[in-house]
Amino acid sequence: MKTYHPLVIFLFFVAAIALTMCALHPVLSVMAVAAAAAWAICLKGCHAFLGMLGFYLGVVVVMTVFNALFNTVGLTVLFYVGSMPVTAEALVFGLSSGALLVAVLTWFSCYQEVMGADKFLALFGRVLPTTSMMITLVFGFIPGVLERGRSIANARKALVGEEKSLKAGVRLASVLMGWSMETGLITAASMKARAYGSTQRSTYLNMRWTLRDTVALVLLLALTAAAVAAAVVTLSGFRFYPYLTPLHADWLYAPYALLLVLPLLLEGGERLRWRLSSL
Amino acid sequence: MEAVELIDFCFAYPVLDGRQAGAGEGFNQAPAALEHVNLTVPVGSFTLLCGMTGSGKSTLLQCLKPELAPVGTRSGIVRVLGEVQALGSVAVTREAGSSPGFSPEGSLVFVGFVLQDAEAQIVTDTVWHELAFGLENLGVPSNEIHRRVAETASYFGIAGWFEQKTSELSGGQKQLLNLAAIMVMQPQLLLLDEPTAQLDPLATKEFLATLARVNQELGVTVLVAEHHLEDTLPLCDQVAFIGTGTIAFAGDAQAFIAWCAAKLPAFIPALPAATRLALAAEQTGQGEPNSGYALQESRATPCPITVREGRAWLTTRQASSLLPGCVKELEPLVHPASHDKAPLLVARQLWFGYGRTLPPVLRGIELKVQRGRVHAIVGANGSGKSTLLSVLAGVHRPQRGKVTLQESLRLATLPQDPKALFCHDTLLQDLMENSKRFDYHRLEIEALMESFGLAAYAHRHPYDLSAGEQQKAALAKLLLLKPDILLLDEPTKGLDAFAKQELHGFLDMQTERGSTIVLVSHDLDFVAECADTCSLLFNGELVGTAPTHGFFAGNLFYTTAIERITQGILPGCVTLKDVLAHE
């Protein structure tokens, strides 16, 4: 997916995140988690994902426990905690919304990995040239500021020991500001020396639109339309409270699932073709 | 044809509120003004502009690039690429605050400028965008940018890190990127203001080699201000020496050396090692000062500049027995009390890494520092020298192992960039900062400033001092705490030969008073002169800890220029002093 045009990538994330957020449904939300997690593992490796798993499980557990304890709307009582009834509906609702939240978070972490600031800027650079230039400048400036901040803090620590007071913080900020402004002057000179502001700027995109982008885009749009329609039908016939609508296997889940695993399919297709061609 | 032609060019910074406004190098009593500068730089030449710090090198370079030209009054004639672009030959009359009169469009493209600070010059966050930045500014269409960026990246060997974030690059890569980002605009004249001052020796050589390639293969005229002559002098066709605001000398390298020896012996320490060796041998050999090369304006054998020439020169001299042959190994310098005292600072099996998943930077460091000694730790960039120092200073806690200090000793660390230490608006206030906590008085500060030659700058902002003076000011701030152990991180970074000499003097002064110094550096020549013990940090371990002399004499590659010149001819010489001791 990384190799596709940023527009395709961006639209996929818009579709996936919007659908995931709107479709609070036990099956759909669990499918969303599964798809997002599978892609995250594919992108960043098992190890990185397992590192986050604890946090994700925590989110689900907290959501479930809170909803189960404080929401008593459902009618299927499982057991009592003190005088509070814990219902199956509230439990399922909590689990689903936990899954939804985790799915959205995982999509965003995938977004970070695949899209990155540079692709976002490349995409919107034409629409908002000044803003995107400013963001680029800021992104170029931030690592240096952080580095300088670290070196000032370390120098202070080595000089007079650790300081945690507000005064020390303010001083660090003011030194950092002065130093960074000093650096900014040089950056400004460097920009000026390279003709910044001399004429109307052009915007260079480090990526091209190709046929496979068109194919992926068409596929994406078709699947999105189908998934939206299917999700609307699914959700309109579903209720958490007072009784959980019975769930059963349904073809209507298919377009939704297909859309969310689209990046995996594209990636898998790519790998398969690679294997076949190198045989 | 001339790329740059200055005829009787004068420049002065404007006077504001009775004080002269300083910019760039203008940190001395009066900011460097230029007076009656006459200089021609032929098209396609490689011209080196050298001079003491604060002599006006930067001002002169900036005056050649209208976008960066400082505000001030100017007179005379400046021709930049006179025939290529109609931007030259405009005599600007005295008009306070005016910028020079040549058309900016030409100079925007045809004159490129590389500054000293590699990091601050980078504007964008990715390498490819940085390369495209200048062309975007000129409104070049995207397809054309694509081609030119690709071409430039290939030529400069950037293709491998084309997609990387600029913040992840090494210092050398950053400066190379700056050069490439200017070359992509296809300039005909490159102006560089001390481009290698912040780089380590390896990155310096790589950068200069690329610069020479640009000059040789593309015919781009290069005018570079440098104080690092070891590597630039062999490259240049012309040397221009600027002394207090005017060009005191212009000619080829050989003539420059002769001129230096005759007229400006104070500048000799800045010359390459081979040249210094030849000049010094000449002087002692003839028994009278300023003889030899200085007087033989048209001699048969040129003065050696590179290590290769130095070796050839030494071999010939030895054949004609002007120097005594390889007599004997120099007596290794034995410090009388080197092992009888308990060490002041001991590090045992230090392991340190910045994160659990990242590979450890230090893997079992063993270090003992004796009282009153200078212990130098050398190593390539990124070998973990600064990390080691910060662990010793207690800024980072080692994951394994221990740093043991003799009881109640005080440590002080000089950071790589002294700017990190300053936090007040004037130098005096800054030095006063810790006076209450560490109990010292204004009189002490004034005495120290006097002895450091900083008294004149008491009411200046620390950032307005030159690199060498900032270093001294930071050192002064540390010394006020009366530390027992001084930890110095790359103390020679950005310093010229004279500031280094001065620093050497201060370090000697401190050790005489009983302070102990641990310094990390990649400046081998400096280390060879001032350290007692050296260790090489490699792969997270300290390797080959030995007295300095033995350390360098035993190394084949990682050693001083003098050692490389004398290797196998005069064994056991590490510094110029060692060679002269042979005589």
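For the structure, check the block above.
For the structure given in this document, a descriptive report is provided here.

The rules behind the values
Sequence order as written defines residue numbering, which begins from 1 separately in each chain. Throughout, the order in which chains and ligands are written sets their labels, letters from A for the former and numbers from 1 for the latter. Where local features are concerned, this predicted model is filtered to residues with pLDDT of at least 70; where side-chain atom pairs are given and counted, the filter is 80 or more; whole-chain, interface and lining totals use all residues. Hydrogens and waters are ignored; side-chain quantities use all the structure's heavy atoms. Working definition: helices are DSSP H or I runs of at least four residues, strands are E runs of at least two. Numbering for both runs from the N terminus. With C-alpha atoms as the basis for the radius of gyration, the globule rule is written as 2.2 Å multiplied by the number of residues raised to the power 0.38. Each residue is assigned to one of three classes by its accessible area relative to the maximum for its type, calculated with a 1.4 Å probe on protein chains only: buried under 20%, partly exposed between the two thresholds, exposed over 50%. Contacts are assigned to residue pairs that have any heavy atoms within 4.5 Å of one another. Surface accessibility follows the Shrake-Rupley procedure with a 1.4 Å probe radius. Residue values consider only the protein chains on display as shielding. Each pair of strands is called paired provided DSSP finds at least two bridges between the two strands. To get an axis, a line is fitted to the C-alpha atoms, and for a helix only the part in contact is used. The angle between two axes follows their N-to-C directions and goes from 0 to 180 degrees. Put plainly, a pocket is an open set of points on a 1 Å grid over the protein atoms alone with protein on both sides within 12 Å along at least five of seven lines, a cavity is a set where a 1.4 Å probe fits but cannot get out, and a lining residue has an atom within 4 Å of a point. Grid points are joined across faces, edges and corners, and a volume is the space filled by probe spheres set on the points. Note that Gly is not counted as nonpolar here; it falls among the polar residues with everything else outside the nonpolar set of Ala, Val, Leu, Ile, Met, Phe, Trp, Tyr, Cys and Pro and the charged set of Asp, Glu, Lys and Arg. Two parts lose some accessible area (1.4 Å probe) when they are put together, and adding that loss for both gives the buried area. We define a salt bridge as a contact between a side-chain nitrogen of Lys or Arg and a carboxyl oxygen of Asp or Glu at a distance within 4 Å. Nitrogen and oxygen atoms within 3.5 Å of one another constitute a polar contact, given that in protein one can donate a hydrogen and the other can accept it, and given that sequence-neighbouring residues count only through two side-chain atoms. One less than the residue count of a helix, multiplied by 1.5 Å, gives the span that helix is expected to have. To get the bend at any residue, fit one axis to the seven residues that end at it and another to the seven that begin at it, then take the angle between the two axes.

## Focus: the overall build of chain A
Thinking step 1. The helix and strand inventory of chain A stands at nine helices and two strands.
Thinking step 2. Traced from its N-terminal end to its C-terminal end, chain A shows the element sequence α-α-β-β-α-α-α-α-α-α-α.
Thinking step 3. Computed over its C-alpha atoms, the radius of gyration of chain A comes to 25 Å, more than 25% above the 19 Å expected for a compact globule of 279 residues.
Thinking step 4. Projected onto its principal axes, the C-alpha coordinates of chain A cover approximately 70 × 55 × 40 Å.
Thinking step 5. Burial analysis of chain A (279 residues in total) assigns 40% to the buried set.
Thinking step 6. Of the contacts formed within chain A by residues at least 6 apart in sequence, a portion of 76% connects residues at least 24 apart.
Thinking step 7. For chain A, the computed accessible surface area is about 14900 Å², with 74% contributed by carbon and sulfur atoms.

## Brief notes about helix α4 (residues 127-137) of chain B
Thinking step 1. Most of α4 of chain B is tucked away: 11 of the 11 residues are buried.
Thinking step 2. When α4 of chain B is considered as a whole, its buried residues turn out to be Val 127, Trp 128, His 129, Glu 130, Leu 131, Ala 132, Phe 133, Gly 134, Leu 135, Glu 136 and Asn 137 of chain B.
Thinking step 3. Those residues of α4 of chain B that are buried lie in contact with α4 (116-124), α5 (129-160) and α6 (166-193) of chain A together with α3 (118-121), α5 (142-155) and α6 (171-183) of chain B.
Thinking step 4. Two residues or fewer past α4 of chain B, Gly 139 of chain B is found with a positive phi of approximately 75°.

## A closer look at the sheet that holds strand β14 (residues 362-369) of chain B
Residues and elements named next belong to chain B.
Thinking step 1. An order of β14-β13-β16 is seen for the three strands of this open sheet, with the pairing classed as antiparallel. A single partner strand is all that each edge strand has here, and the edge strands are β14 and β16 (400-405). When the angles between neighbouring strand axes are averaged without regard to direction, this sheet yields 15°.
Thinking step 2. As paired strands, strand β13 (residues 345-352) and β14 are joined by six bridges and run antiparallel to one another. Bridge pairing in β14 places Trp 351 opposite Arg 363.
Thinking step 3. Its contacts with the sheet place helix α12 (residues 385-392) against β13, β14 and β16, and it is angled at close to 120° to β13.

## Some words on the sheet that holds strand β18 (residues 485-489) of chain B
Two pairing modes exist for strands in a sheet, parallel and antiparallel, and in both the strands are linked by backbone hydrogen bonds.
All names here are of chain B.
Thinking step 1. An order of β17-β18-β19-β15-β20-β21 is seen for the six strands of this open sheet, with the pairing classed as mixed. Strands at the two margins of the open sheet, each flanked by one partner only, are β17 (411-414) and β21 (541-547). Taken over all neighbouring pairs, the strand axes of this sheet differ in orientation by 15° on average, direction set aside.
Thinking step 2. Of the strand pairs in this sheet, β18 and strand β19 (residues 516-521) are connected by five bridges, and their pairing is parallel.

## With respect to empty space enclosed by the protein
Thinking step 1. As enumerated under the stated definition, the model contains five cavities of 30 Å³ or more in all.
Thinking step 2. The computed volume of the largest cavity comes to approximately 160 Å³.
Thinking step 3. Contributions of two or more residues to the lining of the largest cavity are made by α4 and α5 of chain A together with α4 of chain B.
Thinking step 4. Per-element tally for the lining of the largest cavity: the top contributor is α5 of chain A, with four residues.
Thinking step 5. Per-class residue counts for the lining of the largest cavity are seven nonpolar, six polar and four charged.

## Comments concerning the interface of chain B and chain A
Thinking step 1. Facing the 59 residues of chain B at the interface are 45 residues of chain A.
Thinking step 2. Surface buried jointly by chain B and chain A totals about 4400 Å² across both partners, of which 58% is contributed by carbon and sulfur atoms.
Thinking step 3. Considering only the side of chain B, the residues that lose the most area to chain A are Trp 128, Asn 137 and Val 395 of chain B, jointly responsible for 14% of the buried surface there.
Thinking step 4. Across the chain B-chain A interface, the total number found is five salt bridges.
Thinking step 5. Remark: the boundary between chain B and chain A carries 19 residue pairs in polar contact (both at pLDDT 80 or more).
Thinking step 6. Contributing elements (two or more residues each) for the side of chain B that touches chain A: α3, α4, α5, α6, β17, α14 (435-438) and α16 (467-479) of chain B.
Thinking step 7. Broken down by element, the residue count for the side of chain B that touches chain A peaks at nine residues, all from α4 of chain B.

## A closer look at the side chain of Thr 187 of chain A
Thinking step 1. Considering the arrangement of structural elements, one finds Thr 187 of chain A in helix α6.
Thinking step 2. Here Thr 187 of chain A falls in the buried class, since its relative accessible area comes to 9%.
Thinking step 3. Setting aside chain neighbours within four positions, we find Thr 187 of chain A in contact with Ala 120, Ile 122 and Val 123 of chain B.

## Points about α5 of chain A
Residue and element names in this part refer to chain A.
Thinking step 1. Taking 1.5 Å per residue as the helical rise, α5 with its 32 residues ought to reach 46 Å, and the 46 Å between its terminal C-alpha atoms agrees with that figure.
Thinking step 2. At Phe 141, α5 shows its largest kink, close to 25°, and the proline Pro 143 lies no more than four residues downstream.
Thinking step 3. Buried residues of α5: Ser 132, Met 133, Thr 136, Gly 144, Arg 148, Gly 149, Ile 152, Ala 155, Arg 156, Ala 158, Leu 159 and Val 160, and no others.
Thinking step 4. Gly 161, located one to two residues past α5, shows a positive phi value of around 85°.

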